[in-house]
Amino acid sequence: MPTEIVTTDDLREFKLELLKEIKQMLAAHHGQPFKKWLKSYEVRKLLGISPGTLQNLRINGTLPFTKVGGVIFYDSEDISKMMKENLVKNRFEFRRGR
């Protein structure tokens, strides 16, 4: 097995490539660590809602879920989709100086 010498320049280049990839991953997830499946307590904390409100979102079909055993999981993409679909834009334009 041949021996390969790693120089400090090689290490510096590796570090820069690694940092670039990490920055790209963080930018893709808006600085938040990505988690595909969330449990109920995580969704409640994320959205700032009560257990009853989360249950209503499940019952009325607003937020799809998967149940495995006794644990309910929510797809993070479904949560983002729900938030975008329920976006309310301000219908009034406020003018300053009046």
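Residues numbered from 1 in each chain as written. Predicted model: local features only at pLDDT ≥ 70, side-chain atom pairs only at ≥ 80, totals over all residues. Heavy atoms only, no water.

Participant: Looking at this structure, how should I read a nonpolar patch on the surface?
Facilitator: On the surface, Phe14, Leu16, Leu18, Leu19, Ile22, Met25 and Leu26 cluster together into a nonpolar patch covering about 670 Å² of accessible area. Relative to the helices and strands, Leu19 resides in helix 1 (residues 8-28). (Patch = residues over 30% accessible without salt bridge, like charges linked within 9 Å, V, L, I, M, F, W, Y side chains within 5 Å. Areas by Shrake-Rupley, 256 points an atom, 1.4 Å probe, with all protein chains shown as cover. Salt bridge = Lys/Arg side-chain N within 4 Å of Asp/Glu carboxyl O. Helix = DSSP H or I, 4+ residues; strand = E, 2+ residues; numbered from the N terminus.)

Participant: I tried to follow the nonpolar core on my own but got confused; where do I start?
Facilitator: Soluble globular proteins tend to pack their nonpolar side chains together in the buried interior. Counting residues in each nonpolar core, the largest one holds nine residues, listed as Leu38, Val43, Leu54, Leu57, Leu63, Ile72, Tyr74, Ile79 and Met82. Elements supplying a minimum of two residues to this core: helix 3 (51-59), strand 3 (71-75) and helix 4 (76-85). Leave out the neighbours within four places in its chain, and Val43 touches Leu38, Gly48, Leu54, Leu63, Tyr74 and Ile79. (Core = buried A, V, L, I, M, F, W, Y, C linked by side-chain atoms within 4.5 Å. Buried < 20%, exposed > 50% of the residue type's maximum accessible area, 1.4 Å probe, protein only. Contact = heavy atoms within 4.5 Å.)

Participant: What am I meant to see in the sheet that holds strand 1 (residues 37-39) here?
Facilitator: Here we have three strands laid out as an open sheet, ordered 1-3-2, and antiparallel in their pairing. Across the chains shown, the open sheet's two edge strands, defined by having one partner strand only, are strand 1 and strand 2 (66-68). Here the average twist between neighbouring strands, direction ignored, is 40°. The sheet contacts of helix 2 (residues 40-47) involve strand 1 and strand 3, and relative to strand 1 the element is tilted by about 90°. (Pairing = 2+ DSSP bridges. Axes fitted to C-alpha atoms, helices over the stretch in contact; angles between N-to-C directions.)

Participant: Is there a simple way to explain the pairing of strand 3 in this structure?
Facilitator: A regular strand places its side chains on the two faces of the sheet in alternate fashion. Two strands pair when backbone bridges link them, and strand 1 and strand 3 are joined in this way by three bridges, in the antiparallel orientation. Directly across from Leu38, in strand 3, lies its bridge partner Tyr74. As defined by bridge partners, strand 2 adjoins strand 3 across three bridges and the pair is classed as antiparallel. The residue bridging Thr66 from the neighbouring strand is Phe73, located in strand 3. From the end of strand 2 to the start of strand 3, which pair antiparallel, there are two residues, and Gly69 there has a positive phi angle of about 65°.

Participant: When you look at the pattern of salt bridges in this model, what are you seeing that I'm missing?
Facilitator: Evaluation of the coordinates by the stated rule reveals three salt bridges. Salt-bridge contacts for Asp9 lead to Arg12; the nearest nitrogen and oxygen are separated by 2.8 Å. Taken together, the residues span about one helical turn, with Asp9 and Arg12 both in helix 1 at a distance of three residues. Exposure remark for Arg12: the relative accessible area of 45% places this residue in the partly exposed category. Linking Asp75 and Lys36 is a salt bridge whose minimum nitrogen-to-oxygen distance equals 2.9 Å. Separated by 39 residues along the polypeptide, Asp75 in strand 3 and Lys36 in the loop between helix 1 and strand 1 bring together distant segments of the chain. On the basis of relative accessibility, which here comes to 10%, the residue Asp75 falls in the buried class. In the salt-bridge network here, residues are joined through shared partners; they are Lys36, Asp75 and Glu77.

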